[in-house]
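Structural features, examined
This is what each chain is made of:
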Amino acid sequence: MLTTRSLTLPHSDTSLIARCQKADLAAFNEIVARYKGKIYNYLYRMTGSAEDAEDLTQEVFVRMYTNIGSFRAQSSLGTWLFRIAGNLCVDAFRRGKKDRAVVQSLDAPASGHGAEDGGDAQQTQDVPDWSQEPQRLFARKELGAKIQAALEKLPPKLRSAVVLHDVEGMAYEEIAAIESIPLGTVKSRIFNGRVALREQLRPYLEA
Amino acid sequence: MASIIDCKKIQPLLSEYVDGTLAGDSAWGVKLHLSSCAVCARAAEELSATVSLLRSLPREETSDAFSEALARRLADQVLKPARPDLGERVREWWSLPRVRPALAAAGALAALAPAALFFSARQPAAPVTEPPAVASAGDQQQFLDEVLEEHASYASGEPLGDPTAAVLLVSSPGGEGSTARGDRP
Ligand SMILES: [Zn+2]
């Protein structure tokens, strides 16, 4: 339901692209309005930073504008935009600042990873108390932060596959198109990503 | 009873199994195994719970300043270098050999125009320079008008080509008070 195919808005992506290729700013703005939420949410989950996600999302649309002339309808607009976003992420990680995941072992226990976490003995095992109403909102926020932290510990390739599938709700086939990888690779990345997350989030799993 | 070998075959399928995307017979095989293997059944439950956690994440949204910042960035990074600004275009226009002498003359005369008008007001019997001077000032104004008009129509006909138009068009629905960077959880 969150796939890029399910759009029934007034203008089709195809007509918007055609107009955008003729330098129609309204069409460009409509594409931005249509996709910025999805792209931003993906980039937020990938980077864990609102600032970086916003910066990269803007760059996605600048690149889209720059390259719209070479867009061929072999892939959907959504696929193309997510591919740009993914590539920008890889570049950003390569530039060095964002990627702590690669230096961390997936087998590391949920606690005691990395020097920057400092004394984090209490970080892991306290399960939020859902019964106390005033604390519920805080607990929910807290849980969201734990999930995000766990995501950021995944290697980027696994993280991207899991976010696209389990957060953005994309089908394996769409992810294969975005990442330009075989279907089997998509499935194994999602599997490995989920298994790693399961280990990180074990205290929060309600079985 | 399920064997360890079965478990090793089953576990890689659990991710797809919890997605409900396994083909019929594979799904049936996994289901059968899970009914007799507590270890794999628990693994499947935990994977499913992990997916539920991921799906429970709130959707994050761009700040209110997003559209305006994007328009500015588009203008700065993409549009500006491709289009010479008005000043450059005026200088280009001036450098065209066929117009320069005429305009230089008109410009020189236009500089005298206020004086000429002053004299003409006081002295009805005007010197010979008066009519061309007034006409020349008009010519120069007309020239600037034309350039400005051309720029404006250029911009409206091709809005993406004009940085200012881009900013105006993109930022118009946001209204004011949109400079704050939205509160984030
Ligand atoms: Zn088993």
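Now for a description of the structure that goes with this document. (Residues numbered from 1 in each chain as written. Chains lettered and ligands numbered in written order. Predicted model: local features only at pLDDT ≥ 70, side-chain atom pairs only at ≥ 80, totals over all residues. Heavy atoms only, no water.)

All names here are of chain A. Per the counting criterion, the structure on display carries 16 salt bridges over all chains. Of the charged contacts in the structure, one is a salt bridge between Arg 194 and Asp 166, with a shortest N-O distance of 2.8 Å. Of the two residues, Arg 194 sits in helix 9 (residues 183-200) while Asp 166 sits in helix 7 (residues 156-167), which places them 28 residues apart along the sequence. Like Asp 166, Arg 194 is buried. Note that Glu 199 is salt-bridged to Arg 198, the shortest N-O span being 3.1 Å. Note on Glu 199: relative accessible area 35%, which makes it partly exposed. (Salt bridge = Lys/Arg side-chain N within 4 Å of Asp/Glu carboxyl O. Helix = DSSP H or I, 4+ residues; strand = E, 2+ residues; numbered from the N terminus. Buried < 20%, exposed > 50% of the residue type's maximum accessible area, 1.4 Å probe, protein only.)

Let us look at the coordination of the zinc ion. On the protein side, the zinc ion has Cys 7 of chain B (SG), His 33 of chain B (NE2), Cys 37 of chain B (SG) and Cys 40 of chain B (SG) as donor atoms, found 2.1 to 2.3 Å from it. The coordination sphere of the zinc ion comprises four donor atoms, whose angles at the metal cover 98 to 113°; the geometry is tetrahedral. (Donors = N, O, S within 2.8 Å, 3.2 Å for Na, K, Ca; no water. Tetrahedral: all angles 85-135°; square planar, octahedral: opposite > 155°, others 65-115°.)

A separate point is helix 8 (residues 172-179) of chain A. Listed as buried for helix 8 of chain A are Tyr 172, Glu 174, Ile 175, Ala 176 and Ile 178 of chain A. Residues of helix 8 of chain A that are buried sit in contact with helix 4 (77-94), helix 7 and helix 9 of chain A together with helix 2 (14-19) of chain B. Phi turns positive one or two residues past the end of helix 8 of chain A, at Ser 180 of chain A, with a value near 55°. (Contact = heavy atoms within 4.5 Å.)

Bringing the packing of aromatic side chains into the picture now. Residue and element names in this part refer to chain A. Across all of its chains, the model carries four aromatic pairs over all chains by this definition. Taken together, a centroid distance of 5.9 Å and an interplanar angle of 85° make the contact between Phe 28 and Tyr 65 edge-to-face. Here Phe 28, found in helix 2 (residues 25-47), pairs with Tyr 65, found in helix 3 (residues 50-67); they are 37 residues apart in sequence, far enough to count as distant. Of the two residues, Phe 28 and Tyr 65, neither departs from the other in class, the shared state being buried. (Phe/Tyr/Trp six-rings, centres within 6.5 Å; stacked < 30°, edge-to-face > 60°.)

Turning next to the nonpolar core. As a rule of thumb, soluble globular proteins bury nonpolar side chains together. The biggest cluster of nonpolar side chains holds 67 residues, and the ones touching the most others in it are Phe 28, Leu 43, Phe 61, Met 64 and Leu 81 of chain A. No other element matches helix 2 of chain A, which puts twelve residues into this core. Apart from the residues within four sequence positions on either side, Leu 43 of chain A is in contact with Gly 48, Ala 53, Leu 56, Thr 57, Val 60, Ala 85 and Cys 89 of chain A. If you look at the next biggest cluster of nonpolar residues, it comprises 13 residues, including Leu 14, Leu 22, Val 30 and Ala 44 of chain B. (Core = buried A, V, L, I, M, F, W, Y, C linked by side-chain atoms within 4.5 Å.)

Moving on: the interface of chain B and chain A. Listed as interface residues are 46 residues of chain B and, on the opposing side, 51 residues of chain A. Summed over both sides, the interface between chain B and chain A buries roughly 4100 Å², with carbon and sulfur atoms accounting for 63% of that surface. Linking chain B to chain A there are seven salt bridges. As a salt-bridge pair, Glu 168 of chain A and Arg 59 of chain B come within 3.1 Å of each other at their nearest N and O atoms. In this structure, the connection of chain B to chain A is made through 16 residue pairs in polar contact (both at pLDDT 80 or more). Of all the secondary-structure elements, those providing two or more residues to the side of chain B that touches chain A are helix 2, helix 4 (38-55), helix 5 (66-82) and helix 9 (163-171) of chain B. It is helix 4 of chain B that provides the largest number of residues to the side of chain B that touches chain A, a total of eleven residues. A breakdown of the residues in the side of chain B that touches chain A according to their chemical character gives 24 nonpolar, nine polar and 13 charged. (Buried area = accessible area lost by both parts, 1.4 Å probe. Polar contact = N/O pair within 3.5 Å; in protein donor to acceptor, adjacent residues only side chain to side chain. Nonpolar A, V, L, I, M, F, W, Y, C, P; charged D, E, K, R; others polar.)

This part covers the environment of Ala 50 of chain A. Looking at the secondary structure, you find Ala 50 of chain A in helix 3. Spatially, the C-alpha atoms of Ala 50 of chain A and Tyr 40 of chain A are 8.7 Å apart, while their sequence positions differ by ten residues.

To continue, consider helix 1 (residues 13-21) of chain A. Residues and elements named next belong to chain A. Within the span of helix 1, buried status applies to Asp 13, Leu 16, Ile 17 and Cys 20. What you see down the axis of helix 1 is that its buried residues fit within an arc of 100°, all on one side. Following helix 1 by one or two positions, Ala 23 adopts a phi angle in the positive range, close to 65°. (Arc of directions from axis to C-beta.)

This part covers the packing of helix 2 of chain A against helix 3 of chain A. All names here are of chain A. With their axes 8 Å apart at the nearest point, helix 2 and helix 3 run at an angle of 140° to one another. The angle between helix 2 and helix 3 places the two elements in the oblique class. Here helix 2 and helix 3 pass one another in a crossing that is right-handed. Contact residues: Phe 28, Ile 31, Val 32, Tyr 35, Lys 36, Ile 39, Tyr 40, Leu 43, Tyr 44 and Thr 47 in helix 2; Ala 50, Asp 52, Ala 53, Glu 54, Leu 56, Thr 57, Val 60, Phe 61, Met 64 and Tyr 65 in helix 3. Broken down by class, the residue content of the contact of helix 2 with helix 3 amounts to 15 nonpolar, two polar and three charged. (Axes fitted to C-alpha atoms, helices over the stretch in contact; angles between N-to-C directions. Parallel < 35°, antiparallel > 145°, perpendicular 65-115°, else oblique. Left-handed = near helix turned anticlockwise from the far one by under 90°.)

All names here are of chain A. A positive phi angle, near 65°, is found at Ala 23, a position not held by glycine. Among the secondary structure elements, Ala 23 is positioned in the loop between helix 1 and helix 2. Residue Ala 23 is classed as buried on the basis of its relative accessible area, which comes to 15%. Although it is not a glycine, Ser 180 sits at a positive phi angle of roughly 55°. With respect to the helices, strands and loops of the structure, Ser 180 is situated in the loop between helix 8 and helix 9.

Function cannot be inferred from these measures alone, as they are strictly geometric.
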